[in-house]
Amino acid sequence: MEIPIAIIIIMPRDWLEGLRARGMSLGLDLTYRALERLGNPQKASKAIHVAGSNGKGTTCAILSAALILSGQKVGTFTSPHVSRIEERIRINGVPVSSSVLDDALFQLMEIDEGMTFFEATWLAACIVFERMEVDIMVVEVGLGGRLDATRTCDAMSCLVTSISLEHREILGETIQEIALEKAAIASQSIPLVMKYDSLLVDEVEKYHQVQWVSVPNVDFTNEAAILAKAALLKCGFDEAASAVEESLKKLNWPGRMQNFFIDDIEFLLDAAHNPSGMIRFVEVLETLIQNKPWSLIFGSSPQHDLEEFIQPLVEIMAKYPPTDVVCTEPQGGRYPAIEASLIPFGRSIPSPRNALNQIKGNFIVSCGSLYLQGNLLKILGKDSDEDLSLL
């Protein structure tokens with residue numbers, strides 16, 4: 001008697017989600033081996049590689065938009081995604097189709113030797129960009145730089161945005177150590193553009209030749225535009241550099257100072273997720289709420305120092321008391337959210353959906369986590385390809 005053999009078919013999205021359990025892996029050996037088995041798709045086009053503590057995603061979005069407006073076919077890789085995984089891989093600003101992403105994931109399933117979730121998304125991007133024959137890649141570092149999987153891209157230029165104390169358990173305890181980890185995306189032969197910081201110059205210049213870019217006291221978006229323009233000029237993309245101002249006017253970058261109306265309710269969503277980012281966000285927020293009632297939805301992933309992180313919010317709420325404050329718990333992040341009940345202000349409503357349904361007011365501000373902004377955009381039905389496209 002023959003015993004039936006059960007065949008278990010694992011679908012690509014289930015496989016990808018299962019990789020989250022493998023956690024984080026810092027190192028390039030596995031990524032290089034996988035790329036070799038795939039035929040080195042990362043070499044099909046050059047890349048502009050972007051690292052930094054704050055503003056690197058916005059800088060990638062502006063770089064991509066300017067290059068698209070100048071006639072280039074652009075593949076953009078960013079992380080994390082706001083609403084759905086396809087956003088991490090964009091072709092000319094539009095999230096990749098589900099079918100194209102699934103095809104890439106099937107290829108990766110066949111060569112899996114222990115890759116992580118992030119490594120798989122980066123490898124999928126390389127496959128997609130080669131298949132779509134992009135002219136140029138714009139690639140955002142996941143974490144740090146030196147040991148990040150994206151360092152395997154074929155960079156023509158590297159850019160490091162603002163640096164702050166973050167992920168100290170991995171990147172180093174001082175701002176100089178963190179800067180060196182991020183600057184290490186650039187090898188000796190690759191041009192490196194960095195935001196000028198007097199605290200970093202001596203240490204970074206021991207190892208790298210840097211074009212330092214002085215940035216005036218502007219918001220993150222305008223800072224990102226200044227840095228993007230410098231990087232484009234360094235690469236010889238003069239036409240794209242000239243298109244940066246136009247790209248700013250047309251850019252849609254979900255979850256980053258994103259302002260929109262649904263019926264008569266106004267929303268402002270921002271991904272401020274570390275102390276320096278929160279300070280900059282609150283500076284902009286203050287200009288908007290001086291004579292305007294506002295309400296706050298706040299939720300966060302784990303913080304090195306929660307008190308330091310929320311202090312700017314505490315101060316702005318004391319100065320301009322909001323109509324309502326709700327603390328919630330972002331879903332789908334790399335780490336479990338901070339329990340809403342542990343945040344020392346506002347009402348505790350753990351479910352983002354319930355938080356959105358129950359908050360009072362006509363101008364709703366949300367900050368603290370990119371994952372939270374993604375939760376809200378999905379709940380609000382603002383997660384179509386059109387909603388998530390850069391232009």
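Before reading on, note that the structure itself is shown above.
Overview of the structure.

Counting across every chain of the model gives 19 salt bridges. One salt bridge in this structure joins E140 and K56, with 3.7 Å as the shortest N-O distance. Highlighted residues: E140 in strand 5 (residues 136–140) and K56 in helix 3 (residues 56–69), separated in sequence by 84 residues. You'll find E140 and K56 in the same group, each marked buried. Residues R280 and E223 are paired through a salt bridge, measuring 2.9 Å at the closest nitrogen-oxygen approach. In this pair, R280 is assigned in helix 12 (residues 275–289) and E223 in helix 9 (residues 220–235), connecting sequence segments 57 residues apart. The pair R280 / E223 is uniform in exposure class, with both members buried. Three or more residues are tied together by salt bridges with common partners; here these are R13, R84, E86, D102 and D385.

With that out of the way, let us pick up the side chain of S162. Its place among the elements puts S162 in the loop between strand 6 (155–160) and helix 6 (168–171). Engagement of the side chain of S162 in a polar contact is seen with the backbone oxygen of N54, the distance being 3.2 Å. Sequence-distant contacts of S162, defined by excluding residues within four places in its chain, comprise G52, S53, N54, K195, F220 and E223.

Attention shifts here to the environment of E315. Within the fold, E315 resides in helix 13 (residues 306–319). Take E315: its relative accessible area is 48%, and that puts it in the partly exposed class. When the C-alpha positions of E315 and V282 are compared, they lie 9.4 Å apart, and in sequence the two are 33 residues distant.

As a further point, take helix 12. When the terminal C-alpha atoms of helix 12 are compared, their 21 Å separation across 15 residues agrees well with the 21 Å that a helix rising 1.5 Å per residue should span. The complete set of buried residues in helix 12 reads P275, G277, M278, R280, F281, V282, L285 and I289.

Taken as a whole and judged by the stated rule, the model has six aromatic pairs. Measuring from ring centre to ring centre gives 6.0 Å for F298 and F309, while their planes differ by 45°; the resulting arrangement is tilted. Taken together, the residues span a long stretch of sequence, with F298 in strand 11 (residues 295–298) and F309 in helix 13 at a distance of eleven residues. Each member of the pair, F298 as well as F309, is classed as buried. Here the aromatic cluster, defined as three or more aromatic residues joined through ring pairs, consists of F77, F118 and W122. Above the ring of F117, the side-chain terminus of R20 is found at 3.9 Å from the ring centroid. If you follow K292 out to its NZ or CZ, it ends over the ring of F363, 4.2 Å from the centre.

Calculation criteria
- Residues numbered from 1 in each chain as written.
- Predicted model: local features only at pLDDT ≥ 70, side-chain atom pairs only at ≥ 80, totals over all residues.
- Heavy atoms only, no water.
- Salt bridge = Lys/Arg side-chain N within 4 Å of Asp/Glu carboxyl O.
- Helix = DSSP H or I, 4+ residues; strand = E, 2+ residues; numbered from the N terminus.
- Buried < 20%, exposed > 50% of the residue type's maximum accessible area, 1.4 Å probe, protein only.
- Polar contact = N/O pair within 3.5 Å; in protein donor to acceptor, adjacent residues only side chain to side chain.
- Contact = heavy atoms within 4.5 Å.
- Expected span 1.5 Å × (residues − 1).
- Phe/Tyr/Trp six-rings, centres within 6.5 Å; stacked < 30°, edge-to-face > 60°.
- Lys NZ or Arg CZ within 6 Å of the ring centre and 35° of its normal.

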